[in-house]
Amino acid sequence: MKRYIFSLAAVVIVIGSFAFNNITPTQDMFVFEYDPAASGGYSKPAVENISNSNWKYKGKNLSLCENRNEKACRVAVTSAYVNSSSNPTALQGIEIGATLSGATAHVVSISGSGNAYSNQRD
Amino acid sequence: MKLCNRKSRKYVWRTWISDGISGSLLLVFLYTAVNKLSNVEAFSMGLKEVPLLKQHSEPVAWAIPIAELSIVLLLFLPATRLWGLFASLTALLFFTGYLLYMIAYAPHLPCSCGGVLNSLGWKEHVLLNLFLLLLNTGALLLYPVYSPGERTPP
């Protein structure tokens, strides 16, 4: 029985961390990720351009990035700011503000209430 | 008799250390497996950005967490723990190889978002993996192997 102690402790920690962290959001958040390959890198105009070639839909209620303000990563918007809530493919009706830090741009603002942004390290 | 006791004590502490490391590895594999299974769709989309896996992203998105859960099961049971340590060493070697390949060849590294490890960048992830590989190897070296007929510690 002693040889199960560490394994059981590990299982309890994992169950506990999921039980306390997975809080269901009050409304669905649609997550889009910046695609540098399709938009030609991390220039300021490219990050601010909300076309679906630059910002690709990833899924609902996904976690955001580490939020190191070095280059653009993900934005999360409510259903009012996507082209279709049943089959979202593009952002609409929002403005993304970006600033250049070194050779890459990161997001500094997003319009619309309830919307959020995150950046990542270079 | 004295020699026998010393040998037995040595087996006991080796068992405790290797079991402790196995528990830590079990924690890592179980957390990452549950994290992937809780949003397979997003994990599959992330795999589409990996040059080697993009064509098979959907089956791979299921296969990886299932393989991780198999390792968890092997590590959980004392009877199969040694096999679990070999399996986790193999998985960690593959994953470290994948990270190094991506850092070396991917034109744009995809976002490593999600889970408790989302604060880690790609290079930090490699360092964490090297640490886990070191622990895993240590557990295998310390794992007590008993000769036939010898009593195992309780």
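Let me sum up the structure you'll find in this document.

What counts, and at which threshold
Residues numbered from 1 in each chain as written. Chains lettered and ligands numbered in written order. Predicted model: local features only at pLDDT ≥ 70, side-chain atom pairs only at ≥ 80, totals over all residues. Helix = DSSP H or I, 4+ residues; strand = E, 2+ residues; numbered from the N terminus. Buried ≥ 20, exposed ≤ 12 C-beta atoms within 10 Å, placed from the backbone. Contact = placed C-beta atoms within 7 Å. Pairing = 2+ DSSP bridges. Axes fitted to C-alpha atoms, helices over the stretch in contact; angles between N-to-C directions. Nonpolar A, V, L, I, M, F, W, Y, C, P; charged D, E, K, R; others polar. Parallel < 35°, antiparallel > 145°, perpendicular 65-115°, else oblique. Left-handed = near helix turned anticlockwise from the far one by under 90°. Expected span 1.5 Å × (residues − 1). Core = buried A, V, L, I, M, F, W, Y, C linked by C-beta atoms within 7 Å.

1. Points about the overall build of chain A
Within chain A one finds three helices and six strands. When the helices and strands of chain A are read in sequence order from the N terminus, they spell out α-β-α-α-β-β-β-β-β. With the principal axes as the frame, chain A shows a C-alpha extent of 60 × 35 × 25 Å. Counting every position in chain A, which comprises 122 residues, the buried fraction comes to 34%. Counting only contacts in chain A whose residues sit at least 6 apart along the sequence, the fraction spanning at least 24 positions is 65%.

2. Some details on the overall build of chain B
Across its full length, chain B carries five helices and zero strands. In sequence order, the secondary structure elements of chain B are arranged as α-α-α-α-α. Looking at the 154 residues of chain B, the share that counts as buried comes to 27%. Once local pairs closer than 6 in sequence are excluded, the contacts in chain B between residues at least 24 apart make up 65%.

3. Topic: the sheet that holds strand E6 (residues 116-120) of chain A
All names here are of chain A. Spatially, the four strands line up as an open sheet ordered E2-E1-E3-E6, and their pairing is antiparallel. Of all the strands in the sheet, the pair left with one neighbour each is strand E2 (55-60) and E6. Each neighbouring strand pair of the sheet contributes to a mean axis angle of 25°, computed without reference to strand direction. Here strand E1 (residues 30-34) runs beside strand E3 (residues 71-77); their pairing, made up of four bridges, is antiparallel. Within the sheet, the bridge partner assigned to Val31 lies in E3 and is Ala76.

4. Some words on the interface of chain B and chain A
On the chain A side, the residues contacting the 25 residues of chain B number 24 residues. Secondary-structure elements contributing two or more residues to the side of chain B that touches chain A are helix H1 (2-37), helix H2 (40-47) and helix H3 (57-76) of chain B. Considering each element in turn, the side of chain B that touches chain A owes the most residues, nine residues, to H1 of chain B. Its residues placed into classes, the side of chain B that touches chain A shows 14 nonpolar, nine polar and two charged.

5. Digging into the packing of helix H4 (residues 81-105) of chain B against helix H5 (residues 122-142) of chain B
In a packed pair of helices, the relevant descriptors are the angle between the two axes and the axis-to-axis distance. All names here are of chain B. Relative orientation of the contacting elements H4 and H5 amounts to 160°, with a least axis distance of 10 Å. Relative to H5, H4 is oriented roughly antiparallel. Viewed along their axes, H4 and H5 form a crossing whose handedness is left-handed. Together, Leu85, Ser88, Leu89, Leu92, Phe95, Thr96, Leu99, Leu100, Met102 and Ile103 of H4 and Trp122, Lys123, His125, Val126, Asn129, Leu130, Leu132, Leu133, Asn136, Thr137, Ala139 and Leu140 of H5 make up the contact between the two elements. In terms of residue class, the contact of H4 with H5 is made up of 15 nonpolar, six polar and one charged.

6. Here's the deal with H3 of chain B
Taking 1.5 Å per residue as the helical rise, H3 of chain B with its 20 residues ought to reach 28 Å, and the 29 Å between its terminal C-alpha atoms agrees with that figure. Turning to H3 of chain B, its buried residues number three or more, namely Ala61, Ile64, Glu68, Ile71, Val72, Leu74, Leu75 and Phe76 of chain B.

7. Some words on the nonpolar core
By size, the foremost hydrophobic cluster in this structure holds 29 residues, and its most contacted members are Val47, Ala72, Val75, Val77 and Val107 of chain A. Contributing elements (two or more residues each) for this core: E1, helix H3 (44-48), E3, strand E4 (96-101) and strand E5 (104-110) of chain A together with H2 and H3 of chain B. In terms of residue count, E3 of chain A provides more of this core than any other element does, five residues in total. Residues Phe6 of chain A together with Phe29, Leu75 and Ala87 of chain B belong to the second largest nonpolar core, which totals 22 residues.

8. Considerations on the packing of H2 of chain B against H3 of chain B
All names here are of chain B. Between H2 and H3, whose axes approach to 8 Å, the crossing angle comes to 120°. Compared by their axis directions, H2 and H3 come out oblique. As H2 packs across H3, the resulting crossing turns out to be right-handed. Together, Val40, Phe43, Ser44 and Leu47 of H2 and Ser57, Glu58, Val60, Ala61 and Trp62 of H3 make up the contact between the two elements.

9. Regarding the pairing of E1 of chain A
Burial runs high along E1 of chain A: five of the five residues are buried. Neither face of E1 of chain A is open: one carries Phe30, Phe32 and Tyr34 of chain A, the other Val31 and Glu33 of chain A, and all of them are buried.

10. Remarks on the environment of Ile103 of chain B
Residue and element names in this part refer to chain B. Its place among the elements puts Ile103 in helix H4. Here Ile103 falls in the partly exposed class, since 14 other C-beta atoms lie within 10 Å of it. Measuring from C-alpha to C-alpha, the distance between Ile103 and Leu132 comes to 19 Å, with 29 residues separating the pair along the chain. Non-local contacts of Ile103, meaning those with residues more than four positions away in its chain, are made with Trp122 and Lys123.

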